[in-house]
Amino acid sequence: MPETQISNGFREPRMVVRKFLARPQREGVGATVRRSIGRFELKYFDPFLALDEFSVSAPAGFPDHPHRGFETVTYMLQGAVLHEDFEGHRGTIEAGDLQWMTAGRGIVHSEMPAPTGVQKGLQLWINLSSKNKMMEPRYQEVVSKDIAEATKDGIKVRIIAGEAMGKKSPVYTNTPTMYLDFTLTPGAHLQQPIPIKWNAFVYVLEGEGVFGNPKTPPTTAHHLLLLGSGSGDGLEAWNKSLKPLRFILVGGEPLGEPVAQLGPFVMNTQEEIDRTIEDYENYVNGFEKAKYWRSEALSS
């Protein structure tokens, strides 16, 4: 079989090696999530710890809770989420907005829905390397109008992280990451390079598409597709349907480090997890302000 020549910077498309349907489950306080990474069949896809597609209406939500050792990336699809933390950082993440939160040594925060309607979005958890796990917390927030976009040949892409179609995101990724939101019109054909050593996946948001091999059946919404690693340096996708196809393509450089996790705490060893629990319970080493802080959402 002749080698595929791809004009967009890669020679051999990656194939889909595993496919999961993310089924609805309860999470937080009354929220509904579809978890595709971080479930029992796929606990960890280095460097990705979790991917949730969430749907939440007030008074449900994600009240005060801690994090340490990784990053949370919130990308709103519909409505808005109100965010506040124990450092006094607060704001509203609206449809199309991005919040890239590096928890580092420790953050306690709340994520609650806007008062009316159904709020929908994605939250991705990205692991930090051992050298970055205790870094100072930070936020990178980009409103919808400032997210880089490109359109060509029936393909629109919003560049959350990384680069595509000649455009680049301003977001700095501690763990090298690409995060692209693609919409393909009927008949469109995408060829997107992926660094060859990175792990990568597709999550379908709307419509149906064909990925990797043009002869495979189409994949519908709420499915996660793991792309093969070690061979292939790009994603090839087709919209053969009569409706738009929307999906995210996410890739990251594997850390290759041991993972010890207890809920919202992610470290490298069990001893570090034990120390994190002690820090949180005693309000030290990054959790000092948690002692007296309560979110407005929880206080009201």
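Below or above, wherever it landed, is the structure these notes cover. Remember, predicted model here, so these are calculated numbers, not experimental data. (Residues numbered from 1 in each chain as written. Predicted model: local features only at pLDDT ≥ 70, side-chain atom pairs only at ≥ 80, totals over all residues. Heavy atoms only, no water.)

### What about the overall build of the protein chain?
So the rule is basically this: A run of H or I in DSSP counts as a helix once it spans at least four residues, and a run of E counts as a strand once it spans at least two, with each numbered from the N terminus. Here the radius of gyration uses the C-alpha set of atoms, whereas the globule reference equals 2.2 Å times the residue count to the power 0.38. We call a residue buried when its accessible area falls under 20% of the maximum for its residue type, exposed when it is over 50%, and partly exposed in between, using a 1.4 Å probe and counting protein chains only.
For the protein chain, the count of helices and strands is two helices and 26 strands. Taken over C-alpha atoms, the radius of gyration comes to 19 Å for the protein chain, in line with the 19 Å a tight globule of 300 residues would show. The C-alpha extent of the protein chain, read off along each of the three principal axes, is 65 × 40 × 35 Å. Here the protein chain, with 300 residues, has 52% of them falling under the buried criterion.

### Brief notes about the pattern of salt bridges
So the rule is basically this: Salt bridges are identified by distance alone: a Lys or Arg side-chain nitrogen within 4 Å of an Asp or Glu carboxyl oxygen.
All chains considered together, the criterion is met by 12 salt bridges. Between Lys289 and Glu87 there is a salt bridge, and its shortest N-O distance comes to 2.8 Å. Of this pair, Lys289 sits in the loop between helix 1 (270-282) and helix 2 (296-299) while Glu87 sits in the loop between strand 7 (80-85) and strand 8 (90-94); the two residues are 202 residues apart in sequence, bridging distant segments of the chain. For Glu87, a relative accessible area of 48% gives the class partly exposed. Linking Glu149 and Lys156 is a salt bridge whose minimum nitrogen-to-oxygen distance equals 3.9 Å. When salt bridges that share partners are traced, they join Glu84, Arg90 and Glu296 into one network.

### Observations regarding the side chain of Thr175
Rules: The contact definition used throughout considers only heavy atoms, calling two residues in contact when any of these lie within 4.5 Å.
Along the chain, the position of Thr175 falls in the loop between strand 16 (167-168) and strand 17 (177-184). Setting aside anything within four residues of it in sequence, one finds Thr175 in contact with Pro47, Glu71, Ile126, Asn127, Leu128, Ser129, Glu253 and Leu255.

### Examining the sheet that holds strand 23 (residues 234-238)
To be explicit about the condition: Whether two strands pair depends on DSSP finding at least two bridges between them.
With antiparallel pairing, four strands are arranged side by side in an open sheet as 18-23-20-21. If you trace the sheet from one side to the other, it starts and ends with strand 18 (189-193) and strand 21 (219-220), each paired once. Bridging between strand 20 (residues 208-211) and strand 21 involves two bridges; their strand directions are antiparallel. Paired with Glu208 across the strands is Thr220, a residue of strand 21.

### Remarks on the side chain of Thr276
Selection rule: Pairs of N or O atoms are called polar contacts if they sit within 3.5 Å, as long as, within protein, a hydrogen donor faces a hydrogen acceptor (for residues adjacent in sequence, only side-chain-to-side-chain pairs).
Looking at the element boundaries, Thr276 is found in helix 1. A relative accessible area of 0% places Thr276 in the buried class. Of the polar contacts made by the side chain of Thr276, one reaches the side chain of Arg68; its length is 3.1 Å. Filtering out sequence-adjacent residues up to four positions away, Thr276 remains in contact with Arg68, Phe265, Met267 and Phe287.

### Some details on the nonpolar core
Just so we agree on the cut-off: Joining through side-chain atoms within 4.5 Å is the link that ties buried Ala, Val, Leu, Ile, Met, Phe, Trp, Tyr and Cys residues into a set, and such a set is a nonpolar core.
Of all hydrophobic cores here, the largest spans 27 residues; its most connected members are Leu124, Tyr179, Phe201, Leu224 and Ile248. Those elements giving two or more residues to this core turn out to be strand 4 (48-56), strand 6 (70-78), strand 9 (98-102), strand 11 (119-127), strand 14 (155-161), strand 19 (199-206), strand 22 (223-227) and strand 24 (245-252). When neighbours within four sequence positions are excluded, Leu124 is seen to be in contact with Phe48, Ala50, Leu51, Glu71, Thr72, Val73, Tyr179, Phe201 and Val250. One finds Ala150, Leu190, Val202 and Leu245 within the second-largest nonpolar core, a separate group that totals 25 residues.

### Some details on the sheet that holds strand 24
Pairing between the strands of a sheet is mediated by backbone hydrogen bonds and can be parallel or antiparallel. Inclusion rule: Note on method: axes are straight lines fitted to C-alpha atoms, helices fitted across the in-contact stretch only, with angles between N-to-C directions ranging 0 to 180 degrees.
Read across the open sheet, the seven strands follow the order 1-22-19-24-17-14-13; overall the sheet is antiparallel. Edge positions in the sheet fall to strand 1 (16-21) and strand 13 (148-152), since each of these pairs with one other strand and no more. Across the sheet, the mean angle separating the axes of adjacent strands is 20 degrees when strand polarity is ignored. Pairing of strand 19 with strand 24 involves seven bridges; the strand directions are antiparallel. If you follow Asn199 over to strand 24, its bridge partner there is Gly252.

### Let's talk about the environment of Ile93
Along the polypeptide, Ile93 turns up in strand 8. The class of Ile93 is buried, set by a relative accessible area of 5%. Sequence-wise, Ile93 and Asn174 are 81 residues apart; in three dimensions their C-alpha atoms are separated by 22 Å. Discounting residues that sit within four places of it in the chain, Ile93 has contacts with Thr74, Met76, Gly79, Ala80, Val81, His83 and Gln99.

### Brief notes about the layout of surface pockets
Put simply, the test is: Within this scheme a cavity is a closed region of a 1 Å grid, computed over the protein atoms alone, that accommodates a 1.4 Å probe without allowing it to escape, whereas a pocket is open but has protein on both sides within 12 Å along at least five of seven lines; lining residues each have an atom within 4 Å of a point. Grid points are joined across faces, edges and corners, and a volume is the space filled by probe spheres set on the points. Amino acids are sorted into nonpolar (Ala, Val, Leu, Ile, Met, Phe, Trp, Tyr, Cys and Pro), charged (Asp, Glu, Lys and Arg) and polar (every other residue, Gly among them).
Considered as a void within the structure, the largest pocket measures approximately 570 Å³ in volume. Lining the largest pocket are 25 residues, and of these Glu27, Arg35, Asp52, Gln123 and Trp125 sit closest to its centre. Elements represented by at least two residues in the lining of the largest pocket include exactly strand 3 (31-37), strand 4, strand 5 (62-67) and strand 11. Broken down by class, the residue content of the lining of the largest pocket amounts to 12 nonpolar, eight polar and five charged. For the second largest pocket, the lining is made up of 16 residues, of which Gly162, Glu163, Ala164, Met178 and Gln192 are closest to its centre. Those elements giving two or more residues to the lining of the second largest pocket turn out to be strand 15 (163-164), strand 17 and strand 18. By residue class, the composition of the lining of the second largest pocket is seven nonpolar, seven polar and two charged.

By themselves these figures say nothing about function.
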